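Structural overview for review
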Amino acid sequence: MNLNQIFRLVLLLVLVVSLKSYGQRDTINTDKLIIVKQYSPTVNDAFKIKQKPSEKDTIKQEPREVSYSFIDVPVASTFTPAKGTASGLRMQPPAKPYDNYARFGAGNYSTILADFYSNFEINSNQNMDVSFSHLSSQGGIDGIVLDDDFSHTNVGAYLFTKERYYEWNTGFDLNHREVNYYGLPDSFVRNLSDEDLNNISPKQTYTKLAAFGGIEFYDGVLKSADVNFQHFFDNYSNSEQLLDVRPLVEIPVKTHDIFIKGRLSFLNGGFESNSFMPYEIDYQQFFVGANPYLNLNYSQMNFKLGAKAVFFSDFEASSSEVYLYPDVKAEFLLNDGAMKFNLGVNGDLQQNTYENFSSQNPFIAPSLRIRPSDLQYNAFVGFSTKLLEDLSLSAQANYSKTSDYAFFVANPSAEFPSRTPSRRNFDYQNSFTVDYDELETISIATDLSYKVESDFSIGLFGKYSNYSTANFSEAFNLPELELKAYAMYQLMTKWTVNASLFYVGGRKDVASDITVEESGSLFLNDFAIQTVDGFLDLNASVEYRINSRLSAFVNAHNLLNNSYNIWQNYQVQGLQVLGGLIYQFNW
């Protein structure tokens, strides 16, 4: 093969290889292209399934009845419903509070009522309260021949100061009362002449001036201390002074604290003359006591473990004695606190004063024997529970024993032939004295209250007591049965109505007559046990709120118009109606 032929053969091979390489770089695929789109069915494409398909099986099986049973197993639910909210409800705005108020009213029996209270903010740490109250009546009870007017006036001021580590308070109280020994027995009303009646001056006045103060520490062993001093006197030149100091100490001991209530008291007083003999009666008594106790609190139980010791000294009798008393209480909470059960026992040496006796019975004679009453023990057991959501019941039974219990007993009608006049203003069996005897008491009290609606509530209270004395034939002037029913209704935030009905059972007292000779010898002319009948009293009050500041009120007492005796020979006023206005304001 010549050279020319070889050259042509090589050129042909190169051309073939070049065409094959160009065909591999071509991006156009000559494969078959299939286009797929989304299926869109039409109504014509649908077909209906037959309700009863054809059966190809030659053997038919009857269906069997299936019985179901459920096992009731409680399952704790963690579902918490969302709280609903009221929509479109407009709430009534709360009444605006006021720091000051004044009240004035007048009624039959020429009764006048006046009250005033005001609170001043001196600075951010000091406040002062000022109060005034007055109630008086010109009397006019049917069948009463002596003056039966009365009045009661009280003025007070109170200063409260708050410091960084403690707070303290101080103040004074002035109380003035006027009463009359108008309770003459029917025998004197019939037999005394007009001249004799005009010679009787039944007026008696009581005045008390008290100054007090206290301090409370936020930290430290001494938690608080209260001091009270009062001077008391009447218009028969009798007077009495009382100093009373009561500190409270807290001593931390490991996991619990021990509390100690202290007591220091000094009583000094005297009467110008004895009831029957012309010599003075003086008394000076000193008390000092300590009451340590420990509180133990558990989840459903609370305990108070304590005791009390009192040292008493009678300076006039030159005698001293130490008294010991228990102070124990247990409280059990049942049914998640819905029911409370408590029991315990305590006691105390109770201080009697002329001022305290006159507050309980303003018709006492201005000549008394003053000594303390020894409450040896008072054991109690009781409970309180909710019978329904708005129905509450509480009851308690007590058994107590008191030595030298103070009984109010009617003084005899006393005649002194050697004196002129022969009788004093309170010697017509129209005054009371205080006699002492041992008293054991068993009592049962219960209280039932029902809140019918948010603005209407009613309640019932009852107490029965059984008394036993050591020397007296009766527990004088102590009722065995006491009942009370009460109700409160508030209508449309404008009207407030209150009503109470109470019953006090019959009591026993003494009616006697004596003659006192110049030598001091007593001659008993007559003696009898008298029954003071029980009484029923119905009271009501209505208040209408004119606006946020001004209100009008009407009070009615003895609506049944019963002529009962609150004490022997002391008849109360009949139907009493008093109305007036109440004004609240801020300075």
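Residues numbered from 1 in each chain as written. Predicted model: local features only at pLDDT ≥ 70, side-chain atom pairs only at ≥ 80, totals over all residues. Heavy atoms only, no water.

Right, let's talk about a negative patch on the surface for a bit. On the surface, E272, E280, D282 and E316 cluster together into a negatively charged patch. Its location among the elements puts E272 in the loop between β9 (256–271) and β10 (281–297). (Patch = residues over 30% accessible without salt bridge, like charges linked within 9 Å, V, L, I, M, F, W, Y side chains within 5 Å. Areas by Shrake-Rupley, 256 points an atom, 1.4 Å probe, with all protein chains shown as cover. Salt bridge = Lys/Arg side-chain N within 4 Å of Asp/Glu carboxyl O. Lys, Arg positive; Asp, Glu negative; His and termini not counted. Charge placed at Lys NZ, Arg CZ, Asp CG, Glu CD. Helix = DSSP H or I, 4+ residues; strand = E, 2+ residues; numbered from the N terminus.)

Attention now moves to the pattern of salt bridges. A complete count under the given rule lists 15 salt bridges for this structure. The salt bridge partner of K340 is E331, with a shortest N-O separation of 3.9 Å. By relative accessible area, which is 31% here, K340 ends up partly exposed. Judged by relative accessible area, E331 falls into the buried class, the value being 17%. For R424, the salt bridge identified is with D427, shortest N-O distance 2.8 Å. Side by side, R424 and D427 carry an identical accessibility label, which is buried. If you follow the salt bridges from partner to partner, you end up with D149, E178 and K203 in one network. (Buried < 20%, exposed > 50% of the residue type's maximum accessible area, 1.4 Å probe, protein only.)

Below, the discussion takes up the nonpolar core. Core analysis: the biggest nonpolar cluster contains 34 residues, and Y354, F357, F363, I364 and L368 have the highest contact counts within it. In contact with Y354, not counting residues within four places along its chain, are Q204, Y206, F232, D234, N238, E240, F271, Y283, I364, P366, L368 and I370. Ranked by size, the runner-up nonpolar core spans seven residues in total, among them F407, A475, F476 and V510. (Core = buried A, V, L, I, M, F, W, Y, C linked by side-chain atoms within 4.5 Å. Contact = heavy atoms within 4.5 Å.)

Structurally, the position occupied by R263 is in strand β9. Classification of R263 as buried rests on a relative accessible area of 10%. Of note is the side chain of R263, whose polar atom sits 3.0 Å from the backbone oxygen of L349. Look past the residues within four positions of R263 in its chain and what remains in contact with it is V245, R246, P247, F287, V288, G289, D348, L349 and Q351. (Polar contact = N/O pair within 3.5 Å; in protein donor to acceptor, adjacent residues only side chain to side chain.)

With respect to the helices and strands, the residue E167 is situated in strand β5 (residues 166–180). For E167, which is buried and forms no salt bridge, the nearest opposite charge comes from K162, at a distance of 5.1 Å. A polar contact of 3.1 Å, which involves the side chain of E167, links it to the side chain of Y218.

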